[in-house]
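Observations on the model geometry
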Amino acid sequence: MIGAGLNGPLLALGLVKRGFDVEIYERRPDMRRVKMSAGRSINLALSTRGIHALTEAGLWQGMRPIIIPMKGRMMHSTDSKLTFQAYGKDESEVINSISRAELNMALLDAAEAQGVRIHFEQRCTGISFKKRQLSLREESSGKDRSAEYQVVIGCDGSASAIRGAMLRLSRFNFSQEYLNYGYKELTIPAGTGGKHVLEVNALHIWPRGNYMLIALPNIDGTFACILFLPFEGADSFERLTTKTAVQDFFESRFPDAVRLMPDMAEHFFANPTGAMVTIKCSPWHVDGQALLLGDAAHAIVPFFGQGINCGFEDCTILLELLDRHGAGWEKTFREFEEARKINTDAIADMAIENFVEMRDRVGDRRFLLQKQVELALEAKYPRQFVPKYAMVTFHRIPYATALQRGRVQERMLSDLCEGIEHVEDLDWAKADALIRGLSPMESA
Ligand SMILES: Cc1cc2nc3c(=O)[nH]c(=O)nc-3n(C[C@H](O)[C@H](O)[C@H](O)COP(=O)(O)OP(=O)(O)OC[C@H]3O[C@@H](n4cnc5c(N)ncnc54)[C@H](O)[C@@H]3O)c2cc1C
């Protein structure tokens, strides 16, 4: 396998448990021994699909001490008013903040403990599908070598080297689309005694129309913040070129947040500005010898908090197929792509849609009313009506079903919310009639 990020070690663990001999080549040093500089997003939100895969691997219970459940969104207005909006119908429906590094280290430990051999600082620079040979470069010495493989799985993320080689094969479909937005990681330090200085069990959002700041809690009392901002234009990264400009921008747009971030402007310039891309491609496999999985096959923008949940679900599905077909790799890879592609395309599209919702609509009065109506409908018709956010986050309903039902429900909601101001004013006779047209959901 190529890549010991998040998907690589989890999949490797499942493979060795099934009797396969697995080696991983990873271009970075071992993060358990070398402290890495700020990389991509300090924190991740883990939800049902990811938790299911970790549970199957026997790892979830052990991770409980390193997660913080977030029950809902805490919206911060420009005049520092707070509005809380629960994610789910009750306290069982939460998303879980986890440090990317902690999760990665736990996965590396678990994979090695089961016998996976991980070779760090080994960059894959190419692959010969004809010779079944990988080209590898030792990062510390620059020395090149090759390694034979029987089957290779590219878990090497959105800039996958394996996918790069597939691009040169005939009839390989590929698209990548960057957002005009970048992101910057910042930190809210812990208060006295290591205490969190904002509500701990929430994902904080400062929605500001076409940009936003978010903050996720860490177990050490800090909050990992991400600023999402256009690269160019009036309020944009290109305008924030001096510490004074950054400080002024934060003080006028996020006054309550900046008060909690004493070294914000220094961190702003010390941390890189990341880009966000949606990648779609097919086929994901070369016969029965090579496969792409996780971001390598389908990178998505982070606004539904589903990238790794979706990648871990890939692992679940691939392992289920292997259990069915044994080492019939070609059949397994073909069925894997047939099962997953439609769903990974769907979450890619929903992640883009959710960006608009998070940065623009979450503070809106009509939006909050719609959310209340959704929960009321779900309480009355739990088999027929599950909000789209819940289908994606708290269920393992296929993403494509969530997308399709979500669109129908959205039209229903606009209809039901038209002309009312409060959830108590809901026309239940109309709701009954509309819901009758929805088929019950199998896995809801
Ligand atoms: C800002 C941001 C916030 C996010 N928030 C969330 C969230 O809340 N919830 C969620 O579910 N997802 C989130 N994601 C998405 C999530 O981070 C990704 O989906 C996930 O990291 C993908 O895992 P992966 O193992 O496929 O790839 P990666 O995690 O990128 O791992 C790939 C690994 O391959 C290695 N590698 C790359 N190229 C080579 C090579 N040529 N040779 C050898 N090794 C190589 C890399 O060093 C890396 O270790 C977020 C992403 C971003 C950018």
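Above this note sits the structure.
If you're wondering where the values come from, they're calculated on a predicted model, not measured in any experiment. (Residues numbered from 1 in each chain as written. Predicted model: local features only at pLDDT ≥ 70, side-chain atom pairs only at ≥ 80, totals over all residues. Heavy atoms only, no water.)

What follows deals with the overall build of the chain. Along the backbone of the chain there are 15 helices and 18 strands. Relative to the compact-globule value of 22 Å for 444 residues, the chain shows a C-alpha radius of gyration of 23 Å, a close match. Its C-alpha atoms give the chain principal-axis dimensions of roughly 65 × 55 × 40 Å. Considering the chain as a whole, with its 444 residues, one finds that 53% of them fall into the buried category. (Helix = DSSP H or I, 4+ residues; strand = E, 2+ residues; numbered from the N terminus. Rg over C-alpha atoms; globule rule 2.2 N^0.38 Å. Buried < 20%, exposed > 50% of the residue type's maximum accessible area, 1.4 Å probe, protein only.)

Moving on, we get to the packing of helix α1 (residues 7-17) against helix α10 (residues 307-325). Put simply, α1 and α10 touch, their axes get as near as 10 Å, and they point 20 degrees apart. Considered as vectors, α1 and α10 are oriented roughly parallel to each other. Between α1 and α10 the crossing geometry is right-handed. In this structure, α1 contributes N7, L10, L11, G14 and L15 to the contact, and α10 contributes I308, G311, F312, C315, L318, L319 and L322. The residue makeup of the contact of α1 with α10, split by class, is nine nonpolar, three polar and no charged. (Axes fitted to C-alpha atoms, helices over the stretch in contact; angles between N-to-C directions. Parallel < 35°, antiparallel > 145°, perpendicular 65-115°, else oblique. Left-handed = near helix turned anticlockwise from the far one by under 90°. Contact = heavy atoms within 4.5 Å. Nonpolar A, V, L, I, M, F, W, Y, C, P; charged D, E, K, R; others polar.)

On to the packing of helix α2 (residues 48-56) against α10, then. Axis separation between α2 and α10 bottoms out at 7 Å; the angle between their running directions is 40 degrees. Taken together, the axes of α2 and α10 lie oblique to each other. Considering how the two elements wind past one another, α2 and α10 form a crossing that is left-handed. Taken together, the residues of α10 that come into contact with α2 (itself represented by R49, G50, H52, A53 and L54) are N309, F312, E313 and T316.

All chains considered together, the criterion is met by 28 salt bridges. Where R33 meets D30, a salt bridge forms, and the shortest distance between an N and an O atom there is 2.2 Å. Close ionic contact of K380 with D432 constitutes a salt bridge, the shortest N to O distance being 3.4 Å. Placement of K380 in helix α12 (residues 365-380) and of D432 in helix α15 (residues 428-436) is noted, with a sequence separation of 52 residues between them. (Salt bridge = Lys/Arg side-chain N within 4 Å of Asp/Glu carboxyl O.)

All right, on to the sheet that holds strand β9 (residues 133-138) then. Taken in spatial order, the three strands make up an open sheet running β8-β9-β10, and their pairing is antiparallel. In this open sheet, the two edge strands, each paired with only one partner strand, are β8 (122-128) and β10 (144-148). Between one strand and the next, the sheet's axes are offset by a mean angle of 30 degrees, whatever the strand orientation. Pairing of β9 with β10, which is carried by five bridges, proceeds in the antiparallel orientation. Note on β10: the bridge partner recorded for L134 is A147. (Pairing = 2+ DSSP bridges.)

Bridge analysis of β8 against β9 gives six bridges, and the strand direction is antiparallel. Within β9, the position partnered with S128 by the bridge is Q133.

Pairing between the strands of a sheet comes from backbone hydrogen bonds, and it takes one of two forms, parallel or antiparallel. Taken together, three strands build an open sheet; the order of strands is β11-β18-β17 and the sheet is mixed. For this open sheet the edge positions go to β11 (152-154) and β17 (285-286), each flanked by a neighbour on one side alone. When β11 meets strand β18 (residues 290-292), the two strands line up parallel, connected through three bridges. Looking across to β18, one finds that G154 is bridged to L292.

The element strand β16 (residues 273-282) is extensively covered by neighbouring structure, given that seven of its 10 residues are classed as buried. Sheet analysis places strand β12 (residues 173-188) next to β16, joined by nine bridges and oriented antiparallel. For K184, the partnering residue across the bridge sits in β16 and is T273.

Let's shift gears to the site of the ligand. With respect to spatial proximity, 31 residues lie near the ligand, and among them E26, A45, R100, D295 and I308 are the closest. Within the side chain of D295, an N or O atom sits 2.8 Å from an oxygen atom of the ligand. I308 places a main-chain nitrogen or oxygen 2.8 Å from an oxygen atom of the ligand. Taken by itself the ligand offers 990 Å² of open surface, and the protein chains cover 93% of this. Secondary-structure elements contributing two or more residues to the shell around the ligand are β2 (43-46), β8 and α10. Looking at the shell around the ligand, its residues break down into 12 nonpolar, 11 polar and eight charged. (Near = heavy atom within 4 Å. Polar contact = N/O pair within 3.5 Å; in protein donor to acceptor, adjacent residues only side chain to side chain. Areas by Shrake-Rupley, 256 points an atom, 1.4 Å probe, with all protein chains shown as cover.)

The biggest cluster of nonpolar side chains holds 68 residues, and the ones touching the most others in it are L11, L54, L134 and F312. If one sorts the elements of this core by residue count, α10 sits on top with eight residues. Sequence-distant contacts of F312, defined by excluding residues within four places in its chain, comprise L6, N7, L10, L46, G50, A53, L54, L103 and L107. (Core = buried A, V, L, I, M, F, W, Y, C linked by side-chain atoms within 4.5 Å.)

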